[in-house]
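# Descriptive analysis of the structure
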Amino acid sequence: MSLDFEQLTDRVNEMAQTARERQYRRLDRLREVLAFLREKRLAWEELTRQREFIEKTVLASRQPKPFRGSAIPLHMDQLGLDEAFAYDAGDLPDVATIVSADGSQIVPDRHAAFVYYLINIGGIVYHHGQGEAPEVFSEPTLEFPTEDELDDAMFNNYASVTIKRDLGEIEMLARQAQQYKQAKIPLLTVMDQRLLYVPTGEISPQFKDEVIAEWQGYMQDIRQAGCWLAGYIDSPRKSSVLTMLRHIHPERDIDNLKDMGEWTGLTDVDLFSRILRPGERSKIFQDVSFSNTRFRRLNKVCFFYLNTGGSNIARVDLPVSVARDATAVRAIHAMLYDQCQILGRYPYVIARADEMAVVQRRDQEELEFRIGRRMDAAGLDTVETTSKAQTKVLARSGKGRFEP
Amino acid sequence: MMDRAQVEIGRVLRASTAGFAIGCRVSQLSQPAFGSLVKAKPLGSEECVYGLIYDMHIDDDQLIQRLVMTENPRAEIIEDQRQNRMLPVEMSVLTVGYKQDGRLIHGLPPRPPLNLDPVQLCVEGDEVREFTEPLGTGALPYLRLILRAPANRVPVDQLLVAHVRDVYRLRGNDQVWALTAVEELIELLRSNYELLVPTLEALSTALPELPIGA
């Protein structure tokens, strides 16, 4: 049944009104946060004490207090928390290679005629400064049950397919990095997600550990190939830096590390959109969280915020081994911002990687048509879609018109 | 006149009896031109369908639209768009004849070409002469197919000019042929001055060495 829009008119008006009021309140709170940030811009001792407190009472504790995660500046020097590092075209390498990979999937559908899943990893190898066409790649993997699919977790647990896709992305980056690295030409691998990978879904703790270990293995491969790795997150929702600040605020709730008081609902993007101008990046912070404790020393994840244009703020994750390399950080900052200038606000290589990875609806239909043909050729009676699926198709089909 | 080897310019995307569309890569675009005579010829077959290119277009998408707005798009981006992205150049072809069982017929074929049949540019002197050779009466019957094309989709006058100019040169500046074509057009368009006059004027400009005005 179609939406009755008349019934929704008042609520839509109320929604806009509420959004405006929320925005005003937000701006008020943000002014306070900014003032506090500037007051504490060089409060290294306080921040260090707080970090040590968290490590002792939370991260290393057998009975940790509830904690969402915060941050600590990687460099505690004369450059304050509100420092903005400008884009410098001089930091852009004359010649470099940028590799980006992305993944998409068709999850198993128990209402469909065939049980399978597909993961497609696509990407681009961009030769910056060389005037050549990039190389693109797309690698599909089709999996189907070899035993009773009800017993095979991969066909009943969509989270597992998503995890496999994520691992496929970083594995591809590691592989391409090893293939394309040339002496004296920097190579940056960049993916469209966080580096601090935390597998989610209904999975066992043991499987979780295995996934994180495998993820870090690829991080190590990239590092040992002499390449850089970055995670790029557009429109991030974290509040790690805000949490860090809140933990040294005089009105903080000492017994509740998750309490943000009047700052509830604000994010790091809200903060840095007021500090960073186009092309500027923030100081580098190291993530302070349970997740980062599971990452080995050189893989620990750091990040900075980057204004990619207008007031668009992205987060760039880096392994600490890269974050500590000032030359690498300047080059990565320059390359990513340079990439954002091509399309405006979003890196070209990541946009192309997404395009190479995506599985369109028509691709899926073509694949299922081919599967059906082979099943027929193999003499198999293909099971029709379930009654539920068939009925949905009928009810959702478009309207026809009589044409004389 | 320069004889060139058969040049494949693309493959059939879709087709009907009256014409077909060719898809090709940007790298294949340097040879074919508006008005060129082409043929769709399946591999291993002697049958083919002849046509004239009457439209060439290159689609865009949102990514191209965004890139166009940048100042001085860099070479890597241009090459990525041209070599990697799946945006084929598309050419529309008006059918003007076919060859079957070794016979050349200036009419609509019994069947259109199939998807992915390779399409070649007709540049070999012998083949062009064979297709465009007037009948014993001096008629060029395939010109009727051009004149019957829907004017709202096919720029008939410009197509005629481009084709006559192209064939004139491929036949080695064959003035006799060109004037035969002009006479045929005058005969076929004697009741359609609206099309005849601008066509003759355009031909006279395109081929000033010919006494078309006389």
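## Quick look at unusual backbone geometry
All names here are of chain B.
- You will see that Asp101, though not glycine, has its phi angle at about 50°, which is positive.
- Inspection of the secondary structure assignment puts Asp101 in the loop between β5 (89-100) and β6 (103-105).
- Overall, Asp101 belongs to the exposed group, its relative accessible area being 72%.

## Focus on the side chain of Asn84 of chain B
- Note that Asn84 of chain B resides in the loop between α2 (75-83) and β5.
- A polar side-chain atom of Asn84 of chain B sits 2.7 Å from the main-chain carbonyl oxygen of Pro134 of chain A.
- Reaching out from Asn84 of chain B, the side chain makes a polar contact with the side chain of Asp80 of chain B at a distance of 2.8 Å.
- Ignoring sequence-local partners within four residues, the contact set of Asn84 of chain B consists of Pro134, Val136 and Arg352 of chain A together with Glu79 of chain B.

## Focus: the interface of chain B and chain A
- Taken together, the contact between chain B and chain A spans 14 residues of the former and 19 residues of the latter.
- When the area that chain B buries against chain A is broken down by residue, the three leading residues are Arg74, Glu76 and Asn84 of chain B, summing to 42%.
- Run the count over chain B and chain A and you get 3 salt bridges.
- Glu355 of chain A is the salt-bridge partner of Arg85 of chain B, the closest N and O atoms lying 2.4 Å from each other.
- Between chain B and chain A we count 10 residue pairs in polar contact (both at pLDDT 80 or more) in total.
- If you list the elements that add at least two residues to the side of chain B that touches chain A, you get α1 (62-68) and α2 of chain B.
- With 7 residues, α2 of chain B is the largest single contributor of residues to the side of chain B that touches chain A.

## Quick look at the confidence of the model for chain B
All names here are of chain B.
- Summary statistics for chain B give a mean pLDDT of 88 and a share of 94% for residues scoring 70 or more.
- Within chain B, no element has a lower average pLDDT than α1, which sits at 87, and none a higher one than strand β3 (residues 37-40), at 95.
- Here the predicted complex scores 0.81 on pTM and 0.79 on ipTM.

## With respect to a nonpolar patch on the surface
- A cluster of nonpolar side chains, namely Leu3, Phe5, Leu8 and Val12 of chain A, defines an oily patch on the protein surface of about 420 Å² accessible area.
- Along the chain, the position of Phe5 of chain A falls in helix α1 (residues 5-39).

## So, the layout of surface pockets
Residues and elements named next belong to chain A.
- Its boundaries defined by the atoms lining it, the largest pocket holds a volume of some 860 Å³.
- In terms of lining residues, the largest pocket is bounded by 25 residues, among which Glu355, Val358, Gln360, Arg362 and Asp363 are the most central.
- For the lining of the largest pocket, the secondary structure elements donating two or more residues are β3 (117-128), β4 (135-143), α10 (348-357) and α11 (361-377).
- Looking at the lining of the largest pocket element by element, the count peaks at 6 residues for α11.

## Re empty space enclosed by the protein
Residues and elements named next belong to chain A.
- A complete count under the given rule lists 2 cavities of 30 Å³ or more for this structure.
- Space inside the largest cavity adds up to approximately 50 Å³.
- As for the largest cavity, its lining consists of Leu47, Gln50, Arg51, Ile54, Ser70, Ala71, Ile72 and Met244.
- Listing elements by their share of the lining of the largest cavity, those giving two or more residues are α2 (44-59) and β1 (70-73).
- Sorting elements by how many residues they give to the lining of the largest cavity places α2 first, with 4 residues.
- Taken as a whole, the second largest cavity spans an internal volume of roughly 40 Å³.
- In this structure, the second largest cavity is lined by Met219, Ile222, Arg223, Cys227, Trp228, Leu229, Pro319, Ser321 and Val322.
- Put simply, the parts of the chain that give the lining of the second largest cavity at least two residues each are α4 (205-224), β6 (228-234) and α8 (320-323).
- Considering every element that reaches the lining of the second largest cavity, the biggest residue donor is α4, with 3 residues.

About the thresholds
Residues numbered from 1 in each chain as written. Chains lettered and ligands numbered in written order. Predicted model: local features only at pLDDT ≥ 70, side-chain atom pairs only at ≥ 80, totals over all residues. Heavy atoms only, no water. Helix = DSSP H or I, 4+ residues; strand = E, 2+ residues; numbered from the N terminus. Buried < 20%, exposed > 50% of the residue type's maximum accessible area, 1.4 Å probe, protein only. Polar contact = N/O pair within 3.5 Å; in protein donor to acceptor, adjacent residues only side chain to side chain. Contact = heavy atoms within 4.5 Å. Buried area = accessible area lost by both parts, 1.4 Å probe. Salt bridge = Lys/Arg side-chain N within 4 Å of Asp/Glu carboxyl O. pLDDT = per-residue confidence, 0-100. Patch = residues over 30% accessible without salt bridge, like charges linked within 9 Å, V, L, I, M, F, W, Y side chains within 5 Å. Areas by Shrake-Rupley, 256 points an atom, 1.4 Å probe, with all protein chains shown as cover. 1 Å grid on protein atoms, 1.4 Å probe; cavity = no way out; pocket = protein on both sides within 12 Å on 5 of 7 lines; lining within 4 Å. Points joined across faces, edges and corners; volume = space filled by probe spheres on them.

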